[in-house]
Every structure is written in structure tokens, then in C-alpha cells.
Amino acid sequence: MRKLNILAAALAAVGLSPALAQRDFSKVEVTATPVAPNIYMLQGAGGNIGLSVGADGAFIIDDQFAPLADKIRAAVALVTPDPVRFVLNTHWHFDHTGGNESFGGGGAVIVAHDNVRTRLKQGMKNEEMGWSVDPAPAAALPVVTFGDDVTLHWNGHTIRAHHPAPAHTDGDAIIRFVEANVVHMGDIYFQGGYPFIDLQSGGSLDGVIAAQEGVLATIDDETKIIPGHGPLSNKAELASTITMLKDVRRRVKKLVDRGLSEEATVKADPLKDLNGVWGGGFIKGDAMTRTAYRSLKNE
Ligand SMILES: [Zn+2]
């Protein structure tokens, strides 16, 4: 569990609760929520999983933390007797790719953006943030990688994975089940709260806003959105998240432009009246302010 303890320290360093990283996985239950015919959202700990079942076999989007692989398999087994044949990763973070080694080793084909493979293979050390992620073992690495887009034809669905310009990281994929009108946005979308944006992995606030707007422009009121974290969502909720992020950007940018330091910006508490609605989850107001400040400073 070395990785997870280091993550806890990293989360604490950016003002996040380490509770998620330190949780006892033996207590986690992986549940399946129907999203559309033969498409489910699985939730346990870590990022939401998309599941497609049908004649061609089981296909999952993301696989949470490594210790949960067997629980994910058990949840998949509740809806299909078929083994997992494909895993598509929305990005490289280990609360979304932790099960890769188990599923890849078990014969599933792992598919992801080029930078997911590169970052998993390299691991990451970030002295400033206290991040340290070990290089992933070979079985955990994607064996099919793509640049801008890839389309899978599976279980009667057209499944399009699209890589937007860097947003949450520089290796994000937005995955659409075209006919079923379902989109898995990965961590480009945290439903109901401020987002975590991984600047060290090439992410940016402007990138997240642009990627969210890109999705918003192509969906309708019936679209089901699987967010990276949080409950199943929809167009109206995504739109209100974009409004909030633009507001965060405007407020923090004003202080950056006035030449305030990061500490002075945090102290000014620019998101105070937004925190009640958006700062109750994974990312608190101070952490959002710091991320926005660093992202806007980098421009
Ligand atoms: Zn992430």
C-alpha cells in the first residue's frame, strides 16, 4: 500500500482529505447502476466505471484501485457471465487504472491515449506536491494506444474515444456510446463539486473548461453522463458546472492580474460564497483556489 500512503500525503499537501486514499478496501462494495440497455455504471472506490455487456463480451471503462479488481469482477459477474475482454482508460491516475494489471494479466486488451501508457510506464515524482507513483508493471500498460480518436465496434455499439486538448491531464479520453447516448467523461467532470486538475500531468483549468464545453455542445437533454466521480449526471448539471468553473476562473484571475501571491490569493478567499455548494467534496475551496491560481499563472 506504499503508493496509497504517499497519495494520502500528496492529498494532504494540496489540502484534500486523505480519507479516500487511506480507506480500507475490504469494506468497499462495488455496485452496478443501469444507465442504458446493457450499459451500467459501477461504483466502489475511485473513479466511476462504465460497463458494456452483450454478444461480444464485457467491456469496461476504467478499473479503480488495484485491490478492488476481484470486487469489480464480481460486480461484472452479476450482469454477465462473460470475462472482461477490453479495458479503456480515461486517463492514467491509479484510482482509474489500478485494476489494469489484474485485468490485463487476465487477458483483457487495455486501450488508452498514448500519454496514458507513457505516464504509467514512467511513474511520477513531484517533489513540490509529494506525489510519487511507481512505474506500472508491464501487464498494466495499454497495448493499444491512440492519438486523437479511436472507435470500437462492440456489443452493437459504436464506442468513440476522443482525446481533447490537455484538460484533467494530457492523456484524457472522453468516451461516447453513440447510439445509446451515453458519455463517460472521466475526471474532466467531477459531478457536484470542484474538480481535481492534475497540473503536473499537463492538465489546466482552461483545458477542463474547454473540454467540458466541447462535450456540452454535442449532447442533448436525454444524454446520460458518467462523471469521473459522483453520481450519474446530465446536460443541465454539466452546464452548471461550467458556469461555476468560469466563475472560479474569473475570480482567481482578477487576483492573479493584481499580482497577488498564491498565499495572498488563498487568504483573500475568493470562492467563499461558492464553497457551500461546490466545496463539500473531494476538493475544498482552498485547494480549488490554489489549482486555479497555479494554472492561470502558468499561462
Ligand atoms: Zn484523475
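Heads up: the structure comes first, above all this text.
Presented here is a report on the structure given in the accompanying data block. Please read these numbers as outputs of a predicted model, since none were measured by experiment. (Residues numbered from 1 in each chain as written. Predicted model: local features only at pLDDT ≥ 70, side-chain atom pairs only at ≥ 80, totals over all residues.)

1. Some words on the packing of helix 7 (residues 205-216) against helix 8 (residues 235-257)
Definition in use: In this analysis an axis means a line fitted to C-alpha atoms, helices contributing only their contacting stretch, and an angle means the value between N-to-C directions, from 0 to 180 degrees. Only DSSP runs of H or I with at least four residues qualify as helices, and only runs of E with at least two residues qualify as strands; both kinds are numbered from the N terminus onward. Roughly parallel here means an angle under 35 degrees, roughly antiparallel means over 145, roughly perpendicular means 65 to 115, and every remaining angle is called oblique. What makes a crossing left-handed is the near helix being turned counterclockwise from the far one by less than a right angle; a clockwise turn instead makes it right-handed. With C-beta atoms placed from the backbone, a contact is any residue pair whose C-beta atoms sit within 7 Å.
Between helix 7 and helix 8, whose axes approach to 10 Å, the crossing angle comes to 155°. In terms of their interaxial angle, helix 7 and helix 8 are classed as roughly antiparallel. Relative to helix 8, the crossing made by helix 7 is left-handed. Every residue of helix 8 that contacts helix 7 at L205, V208, I209, Q212, E213, V215 and L216 is listed here: K235, L238, A239, T241, I242, L245, K246 and R249.

2. Some points on the sheet that holds strand 5 (residues 84-88)
Strands belonging to one sheet form pairs held by backbone hydrogen bonds; the direction of such a pair is parallel or antiparallel. Worth spelling out the cut-off: DSSP-based pairing: two strands are paired if at least 2 bridges between them are found.
Across the sheet, seven strands lie side by side as 1-2-3-4-5-6-9; this open sheet has mixed pairing. Among the strands making up the open sheet, the edge pair consists of strand 1 (31-36) and strand 9 (144-146). Strand-to-strand, the axes of this sheet are offset by a mean angle of 20°, without reference to chain direction. Of the pairings in the sheet, the one linking strand 4 (residues 58-61) to strand 5 comprises four bridges and is parallel in character. Residue I61 lies in a different strand from strand 5, and its bridge partner there is L88. Its contacts with the sheet place helix 3 (residues 69-79) against strand 1, strand 2 (39-43), strand 3 (49-52), strand 4 and strand 5, and it is angled at close to 50° to strand 1.

3. A short note on the pairing of strand 11 (residues 157-162)
Note: strand 10 (residues 149-154) against strand 11, six bridges, orientation antiparallel. Bridging from a neighbouring strand, H153 pairs with T158 of strand 11. Where strand 10 folds back onto strand 11 in an antiparallel hairpin, the turn is made up of two residues, including N155, whose phi is positive at roughly 55°. Sheet topology places strand 11 next to strand 12 (residues 174-177); four bridges connect them, and they run antiparallel. Among the inter-strand pairings, R160 is bridged to a residue of strand 12, identified as R176.

4. Regarding the nonpolar core
As a reminder, the rule being used: Here, a nonpolar core means buried Ala, Val, Leu, Ile, Met, Phe, Trp, Tyr and Cys residues linked by C-beta atoms lying within 7 Å of one another. Counting other C-beta atoms within 10 Å of each residue's C-beta, where C-beta atoms are placed from the backbone, gives the exposure class: buried for 20 or more, exposed for 12 or fewer, partly exposed between.
In terms of nonpolar packing, the biggest core is built from 72 residues, with L51, I60, V87 and L88 touching the most fellow members. It is strand 13 (residues 182-190) that contributes the most residues to this core, six residues altogether.

5. Re the environment of T169
Take T169: it is sitting in the loop between strand 11 and strand 12. Linking T169 and R73, residues 96 residues apart in sequence, is a C-alpha distance of 27 Å.

6. Some thoughts on the pairing of strand 6 (residues 109-113)
For a regular strand, the rule is simple: side chains alternate between the two faces of the sheet. Most of strand 6 is tucked away: four of the five residues are buried. Two elements, strand 5 and strand 6, share three bridges in a ladder whose sense is parallel. By the bridge assignment for strand 6, V87 is matched with I110. Pairing between strand 6 and strand 9: three bridges, direction parallel. Bridging from a neighbouring strand, A112 pairs with T145 of strand 9.

7. Description of helix 6 (residues 114-122)
Structurally, the α-helix is built with 3.6 residues per turn, so residues lying three or four positions apart point the same way. Listed in full, the buried residues belonging to helix 6 are N115, V116, R117, R119 and L120. Looking at the residues trailing helix 6, positive phi occurs at G123, about 70°.

8. Focus: unusual backbone geometry
Outside of glycine, negative phi angles account for most residues, and trans bonds account for most peptide bonds. In this model, N38 sits at a positive phi of 65°, which is unusual for a non-glycine residue. Positioned with a positive phi, D269 is a non-glycine residue whose angle comes to about 50°. Mapped onto the elements of the fold, D269 is located in the loop between helix 9 (262-268) and helix 10 (272-278). What makes D269 exposed here is the crowd of 12 C-beta atoms within 10 Å.

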